[in-house]
Each structure stands twice: as structure tokens, then as C-alpha cells.
Amino acid sequence: MNLLLQGVAGTLILIGSLFLFLGALGVYRFPDVYNRLQAGTKSTTLGALSLILGVGLAEPAWLPKALVLMLFILLTNPVSSHAIGRASYKSGYPLWEGSIVDHCQEHDACKGGGEA
Amino acid sequence: MAHRIGQFLFTALVLFGLWLLFTGTLDPQETAVGALLAAGIALFTHRRFTRGGLQNLAPGRLLCLLAYLPFFTWQMIKANLDVAYRALHPRMPLNPGIVRVKTRMTSDIGKMAVANSITLTPGTLTLEVDDDTLYIHWIDVRSTDPEEARRLIPGVFEPCLKRIFP
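Counting restarts for each chain, with residues numbered from 1 along the sequence as it is written. Think of it this way: whatever chain is written first is A, whatever ligand is written first is 1, and the rest follow in order. Totals for whole chains, interfaces and linings use every residue, but because this is a predicted model, local features are given only for residues with pLDDT of at least 70 and side-chain atom pairs only at 80 or more, for both listing and counting. Based on all heavy atoms of the structure, the side-chain values leave hydrogens and waters out of the count.

Turning our attention to the overall build of chain B. Helix numbers and strand numbers start at the N terminus; a helix is a DSSP run of H or I with at least 4 residues, a strand a run of E with at least 2. Secondary structure assignment for chain B yields six helices and three strands. N-terminal to C-terminal, the α/β element order of chain B is α-α-α-β-α-β-β-α-α. The atom set for the radius of gyration is the C-alpha atoms, and the globule formula is 2.2 Å times the number of residues raised to the power 0.38. In terms of C-alpha radius of gyration, chain B reaches 20 Å, well past the compact-globule figure of 15 Å for 166 residues. Overall size of chain B, expressed as C-alpha extent along the three principal axes, is 60 × 35 × 25 Å.

Structure follows, in C-alpha cells:
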């Protein structure tokens, strides 16, 4: 039973690290800030969740704390990515030239310079 | 007044639950301090912390939340496999753009839940929120028509989120 738990924990940690690596690869390869954020957000969230859960299972005394950490990462990670993406757009970082549509362009709320 | 008490109780319960998880013990002394602190902090913060109060714990909403979690986890795994595929593919199949979609959520917290869910799930990132309009960066734009995009992106989450955050 204990061995099984350790195996599951190790697998989760491995999967988490793998997703974090793939996310880093995406950040390195993707062409513009928005696509890079996509890679960054998704893989850091699931990667970190999987890794923390693995640590929590490997060391059951830490499991409750691990669960709280997972909850906070889940709540805050997308918010920070949204803030970075929004700030980039307002500061005028262009979309990659291969992008096919930009509905934000003609809309006031997306323009930079305002307070918001 | 009853409403304020509900808000206070809900805030204190959440804080106390977090305390229990953080300390990881049911030792009477620790628990007592935690209960005191939770009550004290809730006394000052309950009006900012929650609007609905104890209604947040209604069984229907909790059940919906429980049902939403596995669905959401699955969406998140798909999102990661999708990013991994694009990052590993030699030619990087990207077809990005920013599309406008309307959300049906009306409350602020509901909009936040939809925006967060969108950000964490396949190929989409919420860039801007303006009233009920979301501007979403889509890594693989499959439709530029707002109605069709609405069905493809927030439409997936809204039926359930609408019940959790009415």
C-alpha cells in the first residue's frame, strides 16, 4: 500500500515536471507574448498542481497544506496571466503577423493610455 | 441583520477551514485559537469577503461545484496536451487571434469564474472584460463569428457555472 502510494506520488511529480518542461518549451518557441502566455499559464498551472499533489501524497502529513496551495494556485494563476496579457495589449505589443483576427482593435476598452 | 450574520458565519467558516488545513491538527488549543482568530477576522471582513453569505453553501450549489471539478480538470488536461502538441510540433500549428464573445454570467464573481476557466482551458486566454463582453486570445481560431465563438468557448462552462454563481 505504501509502495503503491509512493509510486503514484512519484508518477504525479514526474508528470508535473514534464508539463512544466513542455510549457517552458512553448514559451521559448511560440512567436508572440500572447501565445507564450498561453503556454506559460496552462502548463504552469497543471504542472504545479500535479507536482504539489505528488509531494502531498509522498509526505501525507503535508497533504492538507498541499491542497490549500493547489487551491490558491488555481485561483491566482489565471488572474495574473490575464493581467499580463491585458497590460501587454494596452502597451501596444503587436500580435504575431500570422494572427488571423483581432476584434479588440476597434474597441475602446482595449485601447491603452486610459486609467483602468 | 440575518443576512449580515449569514455573511459573518460563512466568512468565519471558510477561514476556520483554511486554518484547519494549514495547521493540520485537531489539537484543542490550536483549534480554539483558530476559531477565535477566524471569528475576529470575519468580524471585520465579512462584508467584503462575501455577498451571498450562507447561501453559498446551499447543497445544490455545492453539488454543482463537485460535478464541475472533474469536468474542469479534464478540460485542463486537454489544454496541456494541446499546448504540448503545438510546442513539440516542428512547424508549430498556430492560428491565433483575438475574438469577442458575450457571456451570460451576470455577477462579478461569475464572470471571474468564467474568465478563469477560459484561461485555463484549451487554447484560450481572457485578455479583456468589458461588461458582458470578453475578448479572448484564441490559439487556434475556429470561428470569428461571435455567436459561434460563444458556443465554442464560454458555452462549455456556463450551464454549470450559472448554477454555482447565479
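Attention now goes to the overall build of chain A. When helices and strands are tallied, chain A shows three helices and one strand. Helices (α) and strands (β) of chain A occur, in sequence order from the N terminus, as α-α-α-β. When each of the 116 residues of chain A is scored for burial, the buried share is 39%. The contact rule is simple, with two residues in contact once any of their heavy atoms fall within 4.5 Å. Within chain A, contacts between residues at least 6 apart in sequence are counted, and of these 62% link residues at least 24 apart. Residue-level accessible areas treat just the shown protein chains as cover; the underlying method is Shrake-Rupley with a 1.4 Å probe. About 6,200 Å² of surface is accessible on chain A, with carbon and sulfur atoms providing 71% of the total. Here the term buried applies to any residue with accessible area under 20% of the maximum for its type, exposed to any over 50%, and partly exposed to those in between, with areas from a 1.4 Å probe on protein chains only.

We now examine a nonpolar patch on the surface. All names here are of chain B. A surface patch of nonpolar side chains, about 720 Å² in accessible area, is lined by Met1, Ile5, Leu9, Leu13, Leu54, Leu57, Leu62 and Leu65. The biggest single contributor to the nonpolar patch is helix α1 (residues 2-23), with three residues. If you trace the backbone, leucine 54 turns up in the loop between α2 (28-49) and α3 (59-88). Think of a patch as exposed residues, more than 30% relative accessible area, with no salt bridge, where like charges cluster within 9 Å and nonpolar side chains (Val, Leu, Ile, Met, Phe, Trp, Tyr) cluster within 5 Å. Salt bridge, as used here: a side-chain nitrogen of Lys or Arg that lies within 4 Å of a carboxyl oxygen of Asp or Glu.

Here the focus is the side chain of lysine 42 of chain A. Its place among the elements puts lysine 42 of chain A in helix α2 (residues 33-58). Here Asp and Glu are counted as negative and Lys and Arg as positive; His is not counted, and neither are the chain ends. Summary of buried charges: lysine 42 of chain A has no salt-bridge partner, and the nearest side chain of opposite charge, aspartate 82 of chain B, is 7.4 Å away. Polar contact is the term for a pair of N or O atoms within 3.5 Å; when the atoms are in protein, one must be able to donate a hydrogen and the other to accept it, and sequence-neighboring residues count only if both atoms are side-chain atoms. A distance of 3.0 Å separates the side chain of lysine 42 of chain A from the backbone oxygen of threonine 124 of chain B, its partner in a polar contact. With residues up to four places along the chain from it excluded, the contact list for lysine 42 of chain A reads Ala79, Asn80, Val83, Thr119, Leu120, Thr121, Gly123 and Thr124 of chain B.

Let us look at the interface of chain A and chain B. Contact residues are listed per partner, giving 45 residues for chain A and 41 residues for chain B. A 1.4 Å probe defines the accessible area here, and the buried area is the portion of it lost by two parts on being joined, summed over both. For the pair chain A and chain B, the summed buried area comes to about 3,900 Å², and 70% of that belongs to carbon and sulfur atoms. Inspection of the chain A/chain B interface yields zero salt bridges. At 14 residues, the largest contribution of residues to the side of chain A that touches chain B is made by helix α3 (residues 63-90) of chain A. When its residues are assigned to classes, the side of chain A that touches chain B shows 25 nonpolar, 13 polar and seven charged. Any residue that is not Ala, Val, Leu, Ile, Met, Phe, Trp, Tyr, Cys, Pro, Asp, Glu, Lys or Arg is counted as polar, Gly included; the first ten are nonpolar and the last four charged.

A word on the pattern of salt bridges. All names here are of chain B. Enumeration according to the criterion identifies one salt bridge over all chains in this entry. Ionic pairing is found between aspartate 82 and arginine 86, a salt bridge with its closest N-O pair at 3.1 Å. Here arginine 86 and aspartate 82 lie together in helix α3, a separation of four residues that amounts to about one turn.

Domain delimitation follows an automatic or database domain assignment. Assigned domains within chain B: domain 1 (2-56) and domain 2 (58-164). The C-alpha-based centres of domain 1 of chain B and domain 2 of chain B are spaced at 31 Å.

Further remarks concern α3 of chain A. Residues and elements named next belong to chain A. One less than the residue count of a helix, multiplied by 1.5 Å, gives the span that helix is expected to have. For α3, which comprises 28 residues, the first-to-last C-alpha distance of 41 Å matches the rise-based estimate of 40 Å (1.5 Å per residue) to within 8%. Axes are fitted to the seven residues ending at a residue and to the seven starting at it; the angle between these axes is taken as the bend at that residue. Along its length, α3 shows its largest kink, about 25 degrees, at threonine 76, and proline proline 78 lies within four residues downstream of that point. The set of residues buried in α3 consists of Ala66, Val68, Met70, Asn77, Pro78, Ser81, His82, Gly85, Ser88 and Tyr89. One or two residues past the end of α3 sits glycine 92, with phi positive at roughly 90 degrees.

Let us now look at the nonpolar core. Note that soluble globular proteins tend to have their nonpolar side chains buried in a common cluster. With 27 residues, the main nonpolar core has Tyr68 and Leu161 of chain B as its most contacted residues. Mapped by element, the contributors of at least two residues to this core are α1 (2-29), α2 and α3 of chain A together with α3, β1 (97-102), α4 (108-120), β3 (133-138) and α6 (158-164) of chain B. Among the elements that take part in this core, α3 of chain B stands out by supplying five residues, more than any other. Each residue touching leucine 161 of chain B, except ones within four places of it in the same chain, is listed here: Tyr68, Met105, Ala113, Val114 and Ser117 of chain B. In this text, buried Ala, Val, Leu, Ile, Met, Phe, Trp, Tyr and Cys residues form a nonpolar core when linked through side-chain atoms within 4.5 Å. If you look at the next biggest cluster of nonpolar residues, it comprises eight residues, including Tyr34, Tyr89 and Leu95 of chain A together with Leu125 of chain B.

What follows covers the confidence of the model for chain A. Overall, the prediction assigns chain A a mean pLDDT of 81, with 83% of residues at 70 or greater. Per residue, pLDDT measures the predictor's confidence, with a range of 0 to 100. Across chain A, element-level confidence peaks in α1 of chain A with a mean pLDDT of 89 and bottoms out in strand β1 (residues 101-102) of chain A with 70.

Mapped onto the elements, proline 159 of chain B comes out in helix α6. Counting along the chain gives 156 residues from proline 159 of chain B to histidine 3 of chain B, while the straight-line C-alpha distance between them is 27 Å.

Helix length check: α2 of chain A, at 26 residues, gives a terminal C-alpha distance of 36 Å against a target of 38 Å (1.5 Å per residue), a fit within 8%. Counting buried residues along α2 of chain A, 19 of its 26 residues qualify, which places the element largely inside the surrounding structure.

Turning our attention to the pairing of strand β2 (residues 124-130) of chain B. Burial within β2 of chain B is extensive, with five of its seven residues counted as buried. Counted between consecutive antiparallel strands, the loop separating β2 of chain B from β3 of chain B contains two residues, among which aspartate 131 of chain B sits at a positive phi close to 55 degrees. By the convention used here, strands pair only if DSSP detects at least 2 bridges between them.

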